[in-house]
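Remarks on the overall topology
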Amino acid sequence: MKLIFEKSVPGRGMTLLPKCDVPEVKLPGELVRDAAPALPEISETDLSRHYTELCQHVHGVNCGFYPLGSCTMKYNPRIDEEMAALPGFTNIHPLAPAHTTTGCQEVLDTARAYLCEVTGMDGMTFQPAAGAHGEFTGVLLIKQYHDARDDKKRTKIIVPDSAHGTNPATAAMCGFEVVNIPSAPNGCVDLDALRAVLGEDTAGLMLTNPNTVGIFDENILEITRLVHEAGGLCYYDGANLNAVMGVVRPGDMGFDCIHMNLHKTFATPHGGGGPGAGAVGCKEFLKPYLPQSALMTGSDRLQVRSFAGNFLVVVKALTYIMTLGRQGIPEAAQNAVLNANYLMAKIKGTFTPAFDRICMHEFVLDLSEFKKETGVSALDVAKSLIDYGMHPPTMYFPLIVHEALMLEPTETESRETLDWAAEVFRKLYALGHTDPEFMHNAPHNAQIGRPDEVKAARHPILRWQKV
Ligand SMILES: *Cc1c(COP(=O)(O)O)cnc(C)c1O
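For clarity, every value in this text was computed on a predicted model and none was experimentally measured.

Along the chain, D237 falls in strand 5 (residues 233-238). Buried within the structure, D237 lacks any salt-bridge partner; its nearest side chain of opposite charge belongs to K264, at an N-O separation of 6.9 Å. Polar contacts involving the side chain of D237 include one to the main-chain amide nitrogen of A239, which spans 3.0 Å. Apart from the residues lying within four places of it in its own chain, the contact partners of D237 are E135, H164, T166, N167, L207, T208, N209 and H259.

Below, the structure written as structure tokens:
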């Protein structure tokens, strides 16, 4: 497909500026360009077609199934967008006098109260702009807590190997030494391994739960007890709270702080780096360390982002919570878990689940046997799914499973869609045995086949440059 600049024809175009009705003023010379900007010149028809074509080349939740594990690509109700677009929310200025923004304040206070209720926490900040940013904030709470007690020997954060990759990265960013512990064969934390590393130097433990293989750790109460006994604090990675919300509360499991991805669990379209919110909740004793906007409060407390964070994401989350209510929230969680188990059960018998047990909101397939039999890799299967109009699952993650495909159907898919998805997986399993070559070359019907993913991530070209 051509870029819009390549479709440009000099002199074509459609300038629809109204006639100037104020006196013309000459700009100072240094502000004036030497030449006109190289903007594309294109008719309205072609412009409209260009962007419509671009939309058709993108796969979103509105186009089809998108089981990208851990990322919770679910349908987000339009009403959340409508509320976030209300002029009273979009037209405020962060420095507007407090008495003119009481409505917005009420949104923050109400969302905080509901989310504290859902998580079993006492305080919360909406400053962090993403999940990883929330982790960073949460671990800084732990750090400040130990510092305030002058407990300088606590330099280590324990991270199980089934954690989300951002967990060890966060601990390191906060200046801690990361202590990795292995999982037991059942996918849960190995308690003996945990006991072995706990000590006076333990600052805390970060637990992704459900973990990245989609398993709720069955020893969770014992884990938090052991960490506390050693004097450490417990951090809950609740990015994927849609697996447990309204059913169990991290606060009741013994966790001291948590982040949630409002943009995954509580409905905000995400992906492509759009605005998110990694709300961080904590128990009463950590509240004094929560970040605050220095500009708004004049305090010298920790600040991780300007003002109140991505406020409109909180508006969407609050709308979502109020739409679902006390009954709908656990129902959504139950459907997320039911859908994952249903799909896993239907795929089983062809591709092999990495852990053959009841899962939470997602599950991992282990394709190493399949690859041995056919030469077809997890990447080949993922690429082949594109030809069926399905977004590939998360690939080669978590690292503890080889040839991993990680599927999260989410709570918003129908049984018919899950049946169709299972059928596609079954077809590909068969195709791997009859025509592996075809799968090595997939996708056959996509704009881009197999880009150099490392190069695309490390050296992205995000804007047209005139040659
Ligand atoms: C997505 C995710 C994160 C990171 O969230 P971002 O908003 O992408 O920074 C952290 N932990 C888990 C378990 C996640 O699924």
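For T268, the location among the structural elements is in the loop between helix 9 (262-265) and strand 7 (278-282). The buried category is assigned to T268, whose relative accessible area is 1%. Setting aside chain neighbours within four positions, we find T268 in contact with N76, L262, H263, P275, V313 and K316.

Let's shift gears to the environment of V381. Relative to the elements of secondary structure, V381 occurs in helix 13 (residues 378-387). Judged by its relative accessible area of 0%, V381 is buried. C-alpha of V381 to C-alpha of P168: the two residues are 213 residues apart in sequence and 29 Å apart in space. Non-local contacts of V381, meaning those with residues more than four positions away in its chain, are made with F351, L367, F370, V376, L405, F425, L428 and M439.

Pairing within the open sheet is antiparallel, and its 4 strands lie in the order 8-9-11-10. The open sheet has two edge strands with one neighbour each: strand 8 (352-353) and strand 10 (394-395). Packed onto the sheet, helix 13 meets strand 10 and strand 11 (404-407) and runs at close to 40° relative to strand 11.

This next bit is on the sheet that holds strand 5. With mixed pairing, the 7 strands of this open sheet are ordered in space as 1-7-6-5-4-2-3. Of all the strands in the sheet, the pair left with one neighbour each is strand 1 (123-125) and strand 3 (177-181). Ignoring strand direction, the axes of neighbouring strands in this sheet form an average angle of 20°. Taken together, the 3 bridges between strand 1 and strand 7 define a ladder with antiparallel strand orientation. For T125, the partnering residue across the bridge sits in strand 7 and is V280. Contacting strand 2 (156-160), strand 3, strand 4 (202-208) and strand 5, helix 6 (residues 166-173) crosses the sheet at an angle of about 155° to strand 4. Strand contacts of helix 8 (residues 220-229): strand 4 and strand 5, with the helix running at about 140° to strand 5, the strand carrying the most contacts.

Attention shifts here to helix 8. Turning to helix 8, its buried residues are I220, I223, T224, L226 and V227. Burial along helix 8 is one-sided: seen end-on, the buried residues are contained in an arc of 160°. Exposed and oriented more than 90 degrees from the buried face of helix 8 are L221 and E229. Packing partners of the buried residues in helix 8 comprise helix 7 (191-197), strand 4 and strand 5. Once helix 8 finishes, G231 follows within two positions and takes phi at roughly 90°, a positive value.

Below, the discussion takes up the nonpolar core. Ranked by size, the top nonpolar core spans 55 residues in total, and within it F126, L194, L241, M245, M260, L262 and F266 carry the most contacts. Among the elements that line this core, the one with the most residues is helix 11 (residues 311-347), at 12 residues. In this structure, M260 is in contact with L115, T119, M124, G238, A239, L241, F266, A277, G278 and A279, ignoring residues within four places of it in sequence. Of all hydrophobic cores here, the second largest spans 26 residues; its members include I347, M390, A422 and L428.

Another point: unusual backbone geometry. In the segment running from F397 into P398, the intervening peptide bond is cis, with an omega of 0°. Inspection of the secondary structure puts P398 in the loop between strand 10 and strand 11. P443 follows A442 through a cis peptide bond whose omega is 0°. Here T72, not a glycine, exhibits a phi torsion of approximately 50°, which is positive.

What counts, and at which threshold
- Along each chain, numbering runs from 1 in the same order as the chain's sequence is written.
- Residues qualify for local features only when their pLDDT is at least 70, as the model is predicted, and side-chain atom pairs are given and counted only at 80 or more; totals for whole chains, interfaces and linings, by contrast, use all residues.
- Note that the side-chain values use all heavy atoms of the structure and ignore hydrogens as well as water.
- Segments assigned H or I by DSSP are reported as helices when at least four residues long, segments assigned E as strands when at least two residues long, and all are numbered from the N terminus.
- Buried residues are those whose accessible area, probed at 1.4 Å on protein chains only, stays under 20% of the maximum for their type, while exposed residues exceed 50% and partly exposed ones sit between those limits.
- Note that His is not counted, nor are the chain ends; the positive residues are Lys and Arg, and the negative ones are Asp and Glu.
- Basic side-chain nitrogens of Lys or Arg form a salt bridge, by our definition, when they fall within 4 Å of a carboxyl oxygen of Asp or Glu.
- Two N or O atoms form a polar contact when they lie within 3.5 Å of each other; inside protein one atom must be a possible hydrogen donor and the other a possible acceptor, and for residues adjacent in sequence the pair counts only when both atoms belong to side chains.
- Here, residues are in contact when the closest pair of their heavy atoms is within 4.5 Å.
- Paired strands, in this sense, are two strands between which DSSP finds at least two bridges.
- To obtain an axis, a line is fitted to C-alpha atoms, over the contacting stretch when the element is a helix, and the angle between two such axes runs from 0 to 180 degrees between their N-to-C directions.
- Note: the arc covers the axis-to-C-beta directions of the helix.
- Take the buried residues of types Ala, Val, Leu, Ile, Met, Phe, Trp, Tyr and Cys, join any two whose side-chain atoms come within 4.5 Å, and each joined set is a nonpolar core.

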